[in-house]
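# Reading the structure
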Amino acid sequence: MKYKTEKIFDNCLKLISKGYSVQYCLKKYSRYKDILEEYFSTVKHLENLKNVKPEDINIAERLNKIYSSVKDSTEPDTNKIKREPAAYGFVRRASILKPALVFAAVLVIMIFSFTGTIYASQDSLPGENLYPVKKTAENIQLFFYPESKKGQLHFKLLNNRIYEADSLMESGSNSDMELVEQLLLEIDEEYYQCKKFNFFKSGNEEETTTAINNIKNKYSSRYGRHSQDIQEHDVYNGDTGESKDSRNGKSGGK
Amino acid sequence: MIDINLYLKNFKKSGDNIWFEKIYVRFLPRIYRFFYLKLFDRHLSEDLTSEVFIRVYKNLRKVNLNTKTFQAWIYRIASNLLMDHYREKIRHKKEELIDETSDEFIENDMLLKNSPLLKKELGFKNFKLMEAMDKLTKLQKDVIILKFVENFDYWTIANIFGKSQSTIRGILFRAITKLKDEIKNNRQ
């Protein structure tokens, strides 16, 4: 019943808002006339409140007051502590974070440029500016490489040295001879390391020794000097330790 | 109500105060009534009404409104201002009120304090009606005034209080039923 009354009362309000009279509603819902009359009598009471109005006031004066107060509030007051909008908080915090952000940005740039330099140095040859970077990167790699896989890395380095020596001899002039000689010593050293870490167990020793011999032969024909001379020269100059002497002797025999 | 749309449009376009003044004249009695029927204090209602229009004047250029949304907006400003006033009052009265720091209590308090003057200002009939309305909750009172005194539709009222139209419809029916019964009881 209550729900139905609510619905009928609501329908009546809709009709009235569309311009129908209260009488029309009462007639339409004649079964509920008594209860609706009570409701509309209350509504009529409420409508009397429309008579509540402000006392006679000077509108122009009040408007001027509004305009002047708005004007005052828009002018900056130096005595007042300025309240910052909430969004400024982030900006302020950001200014504190600024050094940290700059540091992070510099770090990122450094990491990128360092990685880029290392990457670019991979194709460098002895005598070039980036070659020391390549060597340093290799040494670091060797330092951190697991012991079990060091043979594999030495083999990779051996191939690098062979490639470098070959490239130098292909493109370089006679002035590169010392660099090639140094590379040949390094090739022997890497070959020894590969053997030390039993890398050649897998069976590619023959190919490697052929490649080493080829590069040494190329050196001999290119500069008219035998690779044995380098080793002797090295040994007699005492540049290497005793163990290395014996190693050179070993590799020289191949 | 088409002209309000025109006033809003022209004020935003030209910034001429003459359009704001037209809006002011139209809404001044309504906003005043909104405050007065809760505070029963002429001076305070006038001050708060002025404050509403200051806020409206400050922000009217920044918002995009039509007649309907403007009505909801201005009454929302008034409603927020009233809440601020209540909070301020509660802060001042905290020691006296202790547990009775509700908005309803303050409204009833105002009605009781000003009753002799109000009988004169409102008229005896309206005063009795306001007394009967005291039994309603604050929201019921607001909804009933906005619907039957200000003739707002459900959409606008729902927008002012941030509730759904069906909720407002329910609140309105419960309020009018309670008020009807209250008036009936007072007569007997």
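Predicted model only: the values in this text are computed from it and were never measured.

## Structural notes on the overall build of chain A
Regarding its fold elements, chain A presents 11 helices and 0 strands. Mapped in sequence order, the helices and strands of chain A form the string α-α-α-α-α-α-α-α-α-α-α. Contacts in chain A between residues at least 24 apart in sequence constitute 55% of all its contacts with a sequence separation of at least 6.

## Thoughts on the overall build of chain B
Regarding its fold elements, chain B presents 10 helices and 0 strands. In sequence order, chain B lays out its α and β elements as α-α-α-α-α-α-α-α-α-α. A burial count over chain B gives 36% of its 188 residues as buried.

## Overview of the environment of Leu 153 of chain A
Residues and elements named next belong to chain A. Its place among the elements puts Leu 153 in helix H7 (residues 150-171). Accessibility expressed as a C-beta count within 10 Å gives 19 for Leu 153, which makes it partly exposed. Residue contacts for Leu 153: discarding those within four places in its chain leaves Gln 141, Leu 142 and Tyr 145.

## Digging into the interface of chain B and chain A
With 29 residues of chain B at the contact, the number on the chain A side is 24 residues. Put simply, the parts of the chain that give the side of chain B that touches chain A at least two residues each are helix H2 (17-39), helix H3 (42-59), helix H7 (124-133), helix H8 (138-148) and helix H10 (165-187) of chain B. For the side of chain B that touches chain A, the class distribution of residues is 19 nonpolar, 2 polar and 8 charged.

## Let's talk about the confidence of the model for chain B
Segments scoring low in pLDDT should not have their predicted coordinates read at a detailed level. Residues and elements named next belong to chain B. The predicted model of chain B has a mean per-residue pLDDT of 82, with 82% of residues at 70 or higher. With pLDDT under 50 throughout, residues 97-101 is counted as low confidence; its partners more than four residues away or in other chains account for 3 contacts. Scored as a whole, the predicted complex attains pTM 0.54, and scored at its interfaces, ipTM 0.75.

## Regarding the nonpolar core
Counting residues in each nonpolar core, the largest one holds 61 residues, and the members touching the most others are Ile 31, Phe 35 and Ile 144 of chain B. The contacts of Ile 31 of chain B, once residues within four sequence positions are left out, are Thr 49, Val 52, Ile 74 and Ala 78 of chain B. By size, the runner-up hydrophobic cluster in this structure holds 17 residues, among which are Leu 158, Leu 183, Leu 184 and Leu 185 of chain A.

## Focus: the confidence of the model for chain A
Overall, the prediction assigns chain A a mean pLDDT of 77, with 76% of residues at 70 or greater. Long-range and interchain partners of residues 232-254 of chain A, a stretch whose pLDDT sits below 50, account for 17 contacts in this model, where long-range means more than four residues apart.

## Regarding the environment of Ser 124 of chain A
All names here are of chain A. Here Ser 124 is to be found in the loop between helix H5 (86-121) and helix H6 (131-144). In the structure, Ser 124 is positioned 40 residues away from Glu 164 in sequence and 8.4 Å away in space, judged by C-alpha atoms. If near-sequence neighbours (up to four positions away) are discounted, Ser 124 is found in contact with Leu 130, Tyr 131 and Lys 134.

## Points about the packing of helix H3 (residues 33-47) of chain A against H10 of chain B
For the pair H3 of chain A and H10 of chain B, the least separation of the axes is 9 Å and the interaxial angle reads 90°. Classified by the angle their axes make, H3 of chain A and H10 of chain B are roughly perpendicular. Along its contact with H3 of chain A, which presents Glu 38, Tyr 39, Thr 42 and His 45 of chain A, the element H10 of chain B presents Ile 176, Leu 179, Lys 180 and Ile 183 of chain B. Across the contact of H3 of chain A with H10 of chain B, the residue classes tally to 4 nonpolar, 2 polar and 2 charged.

The rules behind the values
Residues numbered from 1 in each chain as written. Chains lettered and ligands numbered in written order. Predicted model: local features only at pLDDT ≥ 70, side-chain atom pairs only at ≥ 80, totals over all residues. Helix = DSSP H or I, 4+ residues; strand = E, 2+ residues; numbered from the N terminus. Contact = placed C-beta atoms within 7 Å. Buried ≥ 20, exposed ≤ 12 C-beta atoms within 10 Å, placed from the backbone. Nonpolar A, V, L, I, M, F, W, Y, C, P; charged D, E, K, R; others polar. pLDDT = per-residue confidence, 0-100. Core = buried A, V, L, I, M, F, W, Y, C linked by C-beta atoms within 7 Å. Axes fitted to C-alpha atoms, helices over the stretch in contact; angles between N-to-C directions. Parallel < 35°, antiparallel > 145°, perpendicular 65-115°, else oblique.

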